[in-house]
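Chain and residue survey
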Amino acid sequence: MAAFSCARFFRSLRGIFAPTAAVIGFSCLLTFIFILYQPTVGPGISQHLGWQAWDTVTTADHFTNVTSTPTVTQPGDAEEAQTTPVDGEDAEETDWWETSSSQPWDATDDIESYPLDVWAPLLPHDTGLSEIAVARCMMPPNLVGDLCDPESTVEQDAIKGKWVRVERDLNKQSGLWTLNLYYRRTRRLDIPLITDLRLLPAGETPEPLTDPWVKVDHSIRDGVMHTDPMYLWYLPGKTMNEMTAEEKGNLVTEIDVLFGEDRPWYGFEKIEPPVTPEKEGIQESVYVTYRRGVKSTPRAPPLHFSRDGKFKILQVADLHYSVSRGVCRDTNREPCVNSDNLTNTLIGHALDEEKPDLVVFSGDQLNGQGTSWDPKSVLAKFAVAVTDRGIPWAAIFGNHDEENGDVKQEQLRMMKTLPYSLVQRGPKDIHGVGNYVLSVKSADASKTSLLTLYFLDSGSYSSGYLDWFGFFFPTEYDWIHEDQINWFLQESAKIQPIERPFTPDTAKDFGSIWTRQAEQITPTTRKLAKPNAMMFFHIPLQESSGTADRDQRTGQLLDIGLHGLEGPGSAKKSDGIFEKGLKTALESGHVAGGGIPEVKVVTNGHCHITEDCKRVQDVWLCFGGGGSYSGYGQVGFDRRFRVYEISDYGETIRTHKRTEADDILDDYILAGPGAPAFNPRS
């Protein structure tokens, strides 16, 4: 009986352990296959299996510092395959910022994942359009959804794609109803795709007549009184299967609308003639614009000093551009018409003369005040003088930028897609849009940060119950808030001290000569401290109107330039950015550091006929001065731009102003050898 019981007991254990062991073993197998097992890439990665033979291909590694051109060899010659340096240059002579990843922002995106039924003109869609329509709506389409969309069926949506509304009302300035363009987009390989667009008056047809042009049913001027009808024609071409690579690059991939006579968005072209002609002082012209293929947006290289330790910044303050070509204000220039275009010409001249490494737009790029009602059309032109010259640029917002049209978040999203832009959104959990930091590094292989640039959003207008007395419009300027101050202190704390003055590393680790730290400086003149820093925001601080420090050498007030021609322009309130931020963030925490602030220069815009630099408690507070014919000024006060020349690998900060007459004003050393000494500290 006992033996029978033991046998049943062991059989029951076997019945439990057998499936348990199977489950555990199978789990371990899956874990090994999908998690632990990581196959090693073998030599086959460098080979390409052709239809009938193996072709050896050397692949370019985009993460190494050697830029090479892929080389294809014949079978059997793999041992002779070698990479060829670009332009025949030696790899050791290539600068690090040229080997950093500089692919266009769109080249690394998964284009196949872009939605087909959403109008997103900033995305680099390479998918062609299959059909275009024009539809009117008695109410704003955003309120009625797809009620006003062109007719379609499920079968047509599946074959040609769903209708996509271009969110730009062609009748925004005039017209009895809203009028929008629509298109279909498809990835199917068997659908003819659009290759060309034309705008023609009623009764005319595009040439040659042998091409299968399609006329859109509704006039693109539908609803505009006292105008002749005009029709959009489009040309369906080959299917994607039938196209060559060159033909695919000429596909129409996006449609947009431009208001005004200026340049369309980067990568887009105008269709002539305008949908609505310009009537000076009454309405701006309206253009249909389109993009062919995908035009990669050039990206700015990392900011860096030159090999002789120099870096130059040009500040452009208060452009005040409008959808129109602009109206000149407060100038004796004759003639003065199309002020926005004149200002762009002036900026281009200053850039050619100064040749800066970075341009900073310090707010009020848009005029607001009812004239920049379509921010995208204004943002398309405000930086063209800079982007045409391939110069990196950054920007902050002013109090007028958000008065009309898109909010700052949307404007910043658009600015980020412009060529050579360094603009960043910054943290979303603090006040403002565009609080960010840029670092300027050394040209040697160490890539040491030698200059820190802080950008803050000083806001537009404050809010509160007192605003009711301003007839529902805020009457006081905003200020830098405490959470922004805390963010600045956190960012400052991340900056690592360096040995100053900095000496570049001239070693060639793979060369036959080992030379480090050329032009040695005696240790007694060195210190361990954060690199110098500058800060940019639009609305000045209350301290900008305070008492200036005195130069200990001469006893003169350290206030260089013109001021007092207008009111102070600062906010009435403050959370203490000067005391809690600028004076707290020191370049060195050591007791022997002397309490020297990390930020040596704060530079503002906002006040167009104030252009002085004043040192207050060891911090220079500078104004850019108005640089635009479109902003207010004063007759006899030339438009001007402030320039900062940083030399000696970040140790010396020097400034001057260049006027429209090419005069150089108030050249002065703000920090470094030759600058006024800092106030003595206890």
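Before reading further, recall that the structure is shown in the block above.
How each quantity is defined
Residues numbered from 1 in each chain as written. Predicted model: local features only at pLDDT ≥ 70, side-chain atom pairs only at ≥ 80, totals over all residues. Heavy atoms only, no water. Helix = DSSP H or I, 4+ residues; strand = E, 2+ residues; numbered from the N terminus. Contact = heavy atoms within 4.5 Å. Polar contact = N/O pair within 3.5 Å; in protein donor to acceptor, adjacent residues only side chain to side chain. Pairing = 2+ DSSP bridges. Axes fitted to C-alpha atoms, helices over the stretch in contact; angles between N-to-C directions. Core = buried A, V, L, I, M, F, W, Y, C linked by side-chain atoms within 4.5 Å. Buried < 20%, exposed > 50% of the residue type's maximum accessible area, 1.4 Å probe, protein only. Disulfide = S-S within 2.5 Å. Right-handed = clockwise from strand over helix to strand, strands pointing away. Arc of directions from axis to C-beta. Phe/Tyr/Trp six-rings, centres within 6.5 Å; stacked < 30°, edge-to-face > 60°. Lys NZ or Arg CZ within 6 Å of the ring centre and 35° of its normal.

Bringing the overall build of the chain into the picture now. Along the backbone of the chain there are 11 helices and 28 strands. Counting contacts in the chain only where the partners sit at least 6 residues apart, residues at least 24 apart contribute 70% of the total.

Take the environment of Ser442 next. Secondary-structure assignment places Ser442 in the loop between β17 (436-441) and β18 (449-455). A sequence separation of 207 residues divides Ser442 from Tyr649, and the C-alpha atoms of the two residues are 7.3 Å apart. Setting aside residues no more than four positions away along its own chain, Ser442 makes contact with Trp96, Lys447, Thr448, Leu450 and Phe502. Among the polar contacts listed, one links the side chain of Ser442 to the side chain of Ser446, at a separation of 3.4 Å. In this structure the side chain of Ser442 is engaged in a polar contact, spanning 3.5 Å, whose partner is the backbone nitrogen of Lys447.

Now for the side chain of Ser324. On the secondary structure map, Ser324 appears in the loop between β14 (311-316) and α6 (339-354). Ignoring anything within four residues of it in the chain, the contact list for Ser324 reads Asp262, Glu284, Asp340 and Lys381.

Take the sheet that holds β14 next. Spatially, the six strands line up as an open sheet ordered β16-β15-β14-β26-β27-β28, and their pairing is mixed. Taken across any chain shown, the strands that pair with only one partner, and hence form the sheet edges, are β16 (393-396) and β28 (664-671). Neighbouring strand axes in the sheet, compared pairwise and without regard to direction, differ in orientation by 20° on average. Note that strand β27 (residues 652-659) and β28 share five bridges and pair antiparallel. Paired with Ile653 across the two strands is Ala671, which belongs to β28.

Let us look at the nonpolar core. Core analysis: the biggest nonpolar cluster contains 100 residues, and Trp393 and Leu453 have the highest contact counts within it. Counting residues per element, this core draws most heavily on α6, which supplies five residues. Grouped together as the second largest cluster of nonpolar side chains are 21 residues, Leu456, Ala585, Val602 and Val616 included.

Attention now moves to unusual backbone geometry. Here the residue pair Glu334 and Pro335 is connected by a cis peptide bond, since its omega of -10° sits within 30 degrees of zero. Mapped onto the elements of the fold, Pro335 is located in the loop between β14 and α6. At His320, a position not held by glycine, the phi torsion is positive, near 55°. With respect to the helices, strands and loops of the structure, His320 is situated in the loop between β14 and α6. Relative accessible area serves as the criterion here: at 4%, His320 is assigned to the buried category.

Attention now goes to the state of the cysteines. Counting across every chain of the model gives three disulfides. The side chain of Cys328 participates in a disulfide bridge whose partner is Cys336; the two sulfur atoms lie 1.8 Å from each other. Taking the torsion about the sulfur-sulfur bond, which here is approximately -80°, the covalent link between Cys328 and Cys336 counts as left-handed. Each bonded cysteine of the chain is numbered by sequence order, and under that numbering the disulfide pairs are 1-2, 3-4, 5-6.

For strand β15 (residues 358-362), a buried count of five out of five residues is recorded, marking the element as mostly surrounded by other parts of the structure. Neither face of β15 is exposed, since Leu358, Val360 and Ser362 on one face and Val359 and Phe361 on the opposite face are all buried. Bridge count for β14 against β15 is four bridges, and the pairing is parallel. From the neighbouring strand, Gln315 faces β15, where its bridge partner is Val360. Crossover handedness for the path β14 to α6 to β15: right-handed. Where β15 lies against β16, four bridges are found, and the strand directions are parallel. Bridging from a neighbouring strand, Val360 pairs with Ala394 of β16.

Within an α-helix, residues lying three or four positions from one another point in the same direction, as the helix has 3.6 residues per turn. Of all the residues in helix α9 (residues 408-416), the buried ones are Lys408, Gln411, Leu412, Met414 and Met415. Here the buried residues of α9 occupy an arc of 160° about the axis, which is enough to place them on one side.

What follows covers the pairing of strand β25 (residues 619-623). Within β25, five of the five residues are buried, which leaves the element mostly enclosed by the surrounding structure. A two-sided burial pattern is seen for β25, the buried positions comprising Val619, Leu621 and Phe623 on one face and Trp620 and Cys622 on the other. As paired elements, strand β23 (residues 599-604) and β25 share four bridges and run parallel to each other. What sits directly across from Val601, in β25, is Trp620.

Time to look at the packing of aromatic side chains. Summed over the entire model, instances satisfying the criterion amount to 12 aromatic pairs. Between Trp96 and Trp97, the aromatic rings sit 5.6 Å apart at their centres with planes inclined by 85°, giving edge-to-face as the arrangement. When sorted by exposure, Trp96 lands in the same class as Trp97, which is buried. Considering the side-chain rings of Tyr461 and Tyr477, the 5.8 Å spacing of their centres and the 25° angle between planes classify their relative orientation as stacked. Here Tyr461, found in the loop between β18 and α10 (482-494), pairs with Tyr477, found in the loop between β18 and α10; they are 16 residues apart in sequence, far enough to count as distant. Taken together, the aromatic side chains of Phe361, Phe382 and Trp393 make up a single cluster linked through ring pairs. Here the guanidinium or amino end of Arg136 rests over the ring plane of Trp177, the centre of that ring lying 5.0 Å away.

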